[in-house]
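Secondary and tertiary structure notes
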Amino acid sequence: MDFDLSWVLWGLPIAFVLGWLASRLDLRQLRIENRQAPKAYFRGLNFLLNEQQDQAIDAFIEAVQKDPDTSELHFALGNLFRRRGEYERAVRVHEHLLSRADLSKAERQRAQHALALDFLKAGLLDRAEDALRKLEGTPYEGQALLALLAIYERTRDWPHASETASKLDASGQGNFSGRQAHYLCEQAANAQPAEAEALLRRAMQMAPEAARPGIELAALQRRAGDARAAFNTLIEHAEAAPAAIPLLAKPLTDAAQASGEQDKAREVLHQSYELSPSLDVLEGIVALESDPEQARAWYVKHLEREPSLVAAAKWLSGEKLEHEQFHKQVQGALDHATKPLTRYRCAACGFEAKQHFWQCPGCQAWDSYPARRVEEL
Ligand SMILES: [Zn+2]
C-alpha cells in the first residue's frame, strides 16, 4: 500500500510536468509553422514584385499547403495562374475556394467572379456565361453584365444581348439605346421581310438619331421593289439623323432616280453639302446632275472649298488632255493614289476598310466608323 501511494505522489507531478512540456512543444511547433506560412507568402510577394511569376507561384503553393485555411493566398494563387494562362489550375483553385464551407458570403462572391474571369480568359464562353449569371444581385453584377454582353455579341446571340443591355440601362450603367438599335438591325438581317420591317421600325423608335435602322429599312423597301417608300424613309431619316447623310446619299440618289423624286433629293443633298461638304454627298449631287459638264463643274466647286485629291481625280477623269494617249496611265496612277483616301477608318483602333462598318471588325466597337472618308477626317 505504501509503495503504491509513493508512486502516485511521484507520478502526478511527473505526469503534470510531462504534459506541460508536451503542450509547450506543440505550441512551439505551431508557432514555427505559422511563422513559416507568412514567410513563404512574403517570399511570393517579393518574387511577384520582381516579376518572377514562376517562383512566386511555387512560394504561394508552399504557403497554401502550410496554411490551407487562408482564402487570401488562394485568391493570389488563382489570379497568378490565370495571368500565366494556366486556366485549368486557376479554375481548380477557385472551385476549391467555392467548395469550402467556411467562406464568408463576400469571399464566395469574389471566388465566383474570379472563376467567371478564368472561363472568360480561357475562351470557355458557355461556362463563363453560367458563372457570370450567378453574379446577379452581387456587387459584381455590373461587371458581370458587361462581360455577358460581350459574350452575347461575340456569339451573335442578339435577343440575349438585348435583354442584357436593357438590364445595364436600367441599372444606370450608361445609355445602351444605340446598341439596342444595332441588335434589332442584326436580328432584322436574318428575319422574314415583314418581321424585319417591324424590327427596324422598333430600332428607329428606340434610337431615332442612329444612322443604321433607317438606311436598312430603305434597303429592305428597295428589295421589295418599293422605291417610293424607300425614298420617303430616307428623306425622313435625313431629317432625324443629319450626321448620317453622307452614308445615305447613295441609296437616296438611287431611290430618287427610281421614283422620279430627283428634285427633292437634290434639295436635301444641296442643303447638307452647304453645311458640311462631304465627298459622298458631292457624288450624290453629281449623279443627279443631268448635264455632264455641269456635273464636272461640281468637282471644281468642291476643290475650291476642300483640297481633295479624290475630287481632283474625278474631275480629271472627264477631262480631255492634250496628250490623250497618256490619259489612261495618268488616270490609273491617280486612282491608285486616291484609293486609300476613300476608305473608312475606325476612330477607336484605326482599322481601315473599303466599306463602312457598323461594328468594327478590328476592335468590335459599335459606331466607331465616322460617316466620312479618310481624306475628309
Ligand atoms: Zn476599331
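The rules we used
Residues numbered from 1 in each chain as written. Predicted model: local features only at pLDDT ≥ 70, side-chain atom pairs only at ≥ 80, totals over all residues. Heavy atoms only, no water. Helix = DSSP H or I, 4+ residues; strand = E, 2+ residues; numbered from the N terminus. Buried < 20%, exposed > 50% of the residue type's maximum accessible area, 1.4 Å probe, protein only. Contact = heavy atoms within 4.5 Å. Areas by Shrake-Rupley, 256 points an atom, 1.4 Å probe, with all protein chains shown as cover. Donors = N, O, S within 2.8 Å, 3.2 Å for Na, K, Ca; no water. Tetrahedral: all angles 85-135°; square planar, octahedral: opposite > 155°, others 65-115°. Salt bridge = Lys/Arg side-chain N within 4 Å of Asp/Glu carboxyl O. Axes fitted to C-alpha atoms, helices over the stretch in contact; angles between N-to-C directions. Parallel < 35°, antiparallel > 145°, perpendicular 65-115°, else oblique. Nonpolar A, V, L, I, M, F, W, Y, C, P; charged D, E, K, R; others polar. 1 Å grid on protein atoms, 1.4 Å probe; cavity = no way out; pocket = protein on both sides within 12 Å on 5 of 7 lines; lining within 4 Å. Points joined across faces, edges and corners; volume = space filled by probe spheres on them. Left-handed = near helix turned anticlockwise from the far one by under 90°. Expected span 1.5 Å × (residues − 1).

**Here we look at the overall build of the chain**
Looking only at helices and strands, the chain features 18 helices and 2 strands. Looking at the chain as a whole, 39% of its 377 residues are labelled buried. Considering only residue pairs separated by 6 or more positions, the chain has 45% of its internal contacts joining residues 24 or more positions apart. Carbon together with sulfur atoms contributes 54% to the accessible area of the chain, which is approximately 21,700 Å² in total.

**As for the coordination of the zinc ion**
Around the zinc ion, the donor atoms from the protein are Cys 346 (SG), Cys 349 (SG), Cys 360 (SG) and Cys 363 (SG), and they sit 2.3 Å away. Between the 4 donor atoms coordinating the zinc ion, the angles at the centre fall across 106 to 112 degrees, so the site counts as tetrahedral. Here the donor residues of the zinc ion are spaced in sequence according to C-x2-C-x10-C-x2-C. With Cys 346 in the loop between strand S1 (344-345) and strand S2 (352-353) and Cys 360 in the segment after S2, the pair connects residues that are 14 residues apart, well separated along the chain. Pair check on accessibility: Cys 346 and Cys 360 agree, each one buried.

**Examining the pattern of salt bridges**
Taken as a whole and judged by the stated rule, the model has 22 salt bridges. The shortest N-O distance in the salt bridge between Arg 212 and Glu 186 comes to 3.1 Å. Here Arg 212, found in helix H11 (residues 212-223), pairs with Glu 186, found in helix H9 (residues 177-189); they are 26 residues apart in sequence, far enough to count as distant. A relative accessible area of 6% places Arg 212 in the buried class.

**Notes on the packing of H11 against helix H12 (residues 227-240)**
Any two packed helices are characterised by how steeply their axes cross, that is the angle between the axes, and by the distance between the axes. Relative orientation of the contacting elements H11 and H12 amounts to 170 degrees, with a least axis distance of 7 Å. Of the possible angle classes, the one that applies to H11 and H12 is roughly antiparallel. Contacts between H11 and H12 involve Gly 214, Ile 215, Leu 217, Ala 218, Gln 221 and Arg 222 on the former and, on the latter, Ala 227, Ala 229, Ala 230, Thr 233, Leu 234 and His 237. Among the residues forming the contact of H11 with H12, the class breakdown is 7 nonpolar, 4 polar and 1 charged.

**A short note on unusual backbone geometry**
Of note in this structure, Gln 364 is not a glycine but carries a positive phi near 70 degrees. Relative to the elements of secondary structure, Gln 364 occurs in the segment after S2. For Gln 364, a relative accessible area of 43% corresponds to the partly exposed category. For Asp 367, which is not glycine, the phi torsion reads 55 degrees and is therefore positive. Examined against the element boundaries, Asp 367 turns out to sit in the segment after S2. Since its relative accessible area comes to 47%, Asp 367 is described here as partly exposed.

**Focus on the environment of Ala 188**
Following the sequence through the fold, Ala 188 ends up in helix H9. For the pair formed by Ala 188 and Ala 203, sequence separation is 15 residues and the distance between their alpha carbons is 9.8 Å. With near-sequence residues (within four places) excluded, Ala 188 lies in contact with Ala 196, Leu 199 and Leu 200.

**Thoughts on the layout of surface pockets**
Its boundaries defined by the atoms lining it, the largest pocket holds a volume of some 830 Å³. As for the largest pocket, its lining consists of 35 residues, of which Asp 280, Tyr 344, Lys 354, Gln 355 and Arg 373 are closest to the centre. Going through the elements one at a time, H11, helix H13 (245-259), helix H15 (279-288), helix H17 (309-317) and helix H18 (327-338) are the ones with two or more residues in the lining of the largest pocket. Here the element with the most residues in the lining of the largest pocket is H13; it accounts for 8 residues. A per-class count over the lining of the largest pocket returns 14 nonpolar, 8 polar and 13 charged.

**Considering the packing of helix H16 (residues 292-305) against H17**
Look at H16 against H17: their axes get within 9 Å of each other, and the N-to-C directions meet at 150 degrees. Overall, the two elements H16 and H17 adopt an arrangement that is roughly antiparallel. Where H16 crosses over H17, the handedness of that crossing is left-handed. Here Arg 296, Tyr 299, Val 300, His 302 and Leu 303 of H16 lie close against H17, whose contacting residues are Ala 311, Ala 312, Lys 314 and Trp 315.

**Considerations on H9**
In this model H9 runs 19 Å from its N-terminal to its C-terminal C-alpha over 13 residues, within 8% of the 18 Å that 1.5 Å per residue would give. All buried positions along H9 are accounted for by Ser 177, Gln 180, Ala 181, His 182, Tyr 183, Leu 184, Cys 185, Glu 186 and Ala 188. Check the buried side of H9 and you find it contacts helix H7 (141-154), helix H8 (158-170), helix H10 (193-206) and H11.

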